[in-house]
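Spelled out from the first residue to the last, the chains are:
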Amino acid sequence: MKDFPVLDLGIQPDVPEGAFRLTLDGLVENPVTLDWAWLSELPQEDRFNDIHCVTQWSRYDNTWTGVPVQALLDWRG
């Protein structure tokens, strides 16, 4: 993504795909931990939006591709 402001403390962790884990737990019926390969197999969608930050900058016409949250909520593994 071009021209996207990165606001951090100067540290951007490098997480290899093989080490990636997404854990869904807490007040859920079926806690699960997903790895990158599994997550990548879920249906993905494109979304288009504008971003307006509280620090008073905006970025228009952004296209995002990824797994919608509803796909995770609907999964019954």
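Residues numbered from 1 in each chain as written. Predicted model: local features only at pLDDT ≥ 70, side-chain atom pairs only at ≥ 80, totals over all residues. Heavy atoms only, no water.

## What about the overall build of the protein?
What counts here: Numbering of helices and strands starts at the N terminus; helices are DSSP runs of H or I of at least 4 residues and strands are runs of E of at least 2. C-alpha atoms define the radius of gyration, and 2.2 Å times the number of residues to the power 0.38 defines the globule rule. Accessibility here uses a 1.4 Å probe with only protein chains present; expressed as a share of the type maximum, an area under 20% marks a residue as buried, one over 50% as exposed, and anything in between as partly exposed.
What the protein contains, in helices and strands, is two helices and four strands. The C-alpha atoms of the protein give a radius of gyration of 16 Å, which is well past the 11 Å a tight globule of 77 residues would have. Taken along the three principal axes of its C-alpha coordinates, the protein extends 40 × 30 × 25 Å. Here the protein holds 77 residues, and 12% of them are scored as buried.

## A word on unusual backbone geometry
Not every positive phi belongs to a glycine, and Gln56 is a case in point at roughly 75°. Mapped onto the elements of the fold, Gln56 is located in the loop between strand E3 (45-52) and strand E4 (58-66). Gln56 gets classed as exposed once you look at its relative accessible area, which sits at 77%. Although it is not a glycine, Asp61 sits at a positive phi angle of roughly 60°. Considering the arrangement of structural elements, one finds Asp61 in strand E4. For Asp61, a relative accessible area of 52% corresponds to the exposed category.

## Points about the confidence of the model for the protein
As a reminder, the rule being used: Values of pLDDT, ranging from 0 to 100, describe the predictor's confidence in every residue of the model.
Per-residue confidence for the protein averages 86 on the pLDDT scale, and 94% of its residues sit at or above 70. Mean pLDDT values for the elements of the protein range from 82 in helix H2 (residues 69-74) up to 94 in E3.

## What about the nonpolar core?
Convention followed: For this analysis, a nonpolar core means a set of buried residues of the types Ala, Val, Leu, Ile, Met, Phe, Trp, Tyr and Cys, connected via side-chain atoms within 4.5 Å. By the convention used here, residues are in contact when the closest approach between their heavy atoms is within 4.5 Å.
In terms of nonpolar packing, the biggest core is built from five residues, these being Val32, Leu34, Leu39, Leu42 and Leu72. Residues in contact with Leu39, not counting those within four places in the same chain, are Phe20, Leu34, Val67 and Leu72.

## Observations concerning the pattern of salt bridges
The criterion, for reference: When a carboxyl oxygen of Asp or Glu is within 4 Å of a side-chain nitrogen of Lys or Arg, the pair counts as a salt bridge.
Under the criterion given, the structure shown has one salt bridge. One salt bridge in this structure joins Glu45 and Arg47, with 2.6 Å as the shortest N-O distance. Given the relative accessible area of 48%, Arg47 is considered partly exposed.

## Let's talk about the environment of Asp25
Looking at the secondary structure, you find Asp25 in the loop between strand E1 (21-24) and strand E2 (32-35). Spatially, the C-alpha atoms of Asp25 and Asp35 are 15 Å apart, while their sequence positions differ by ten residues.

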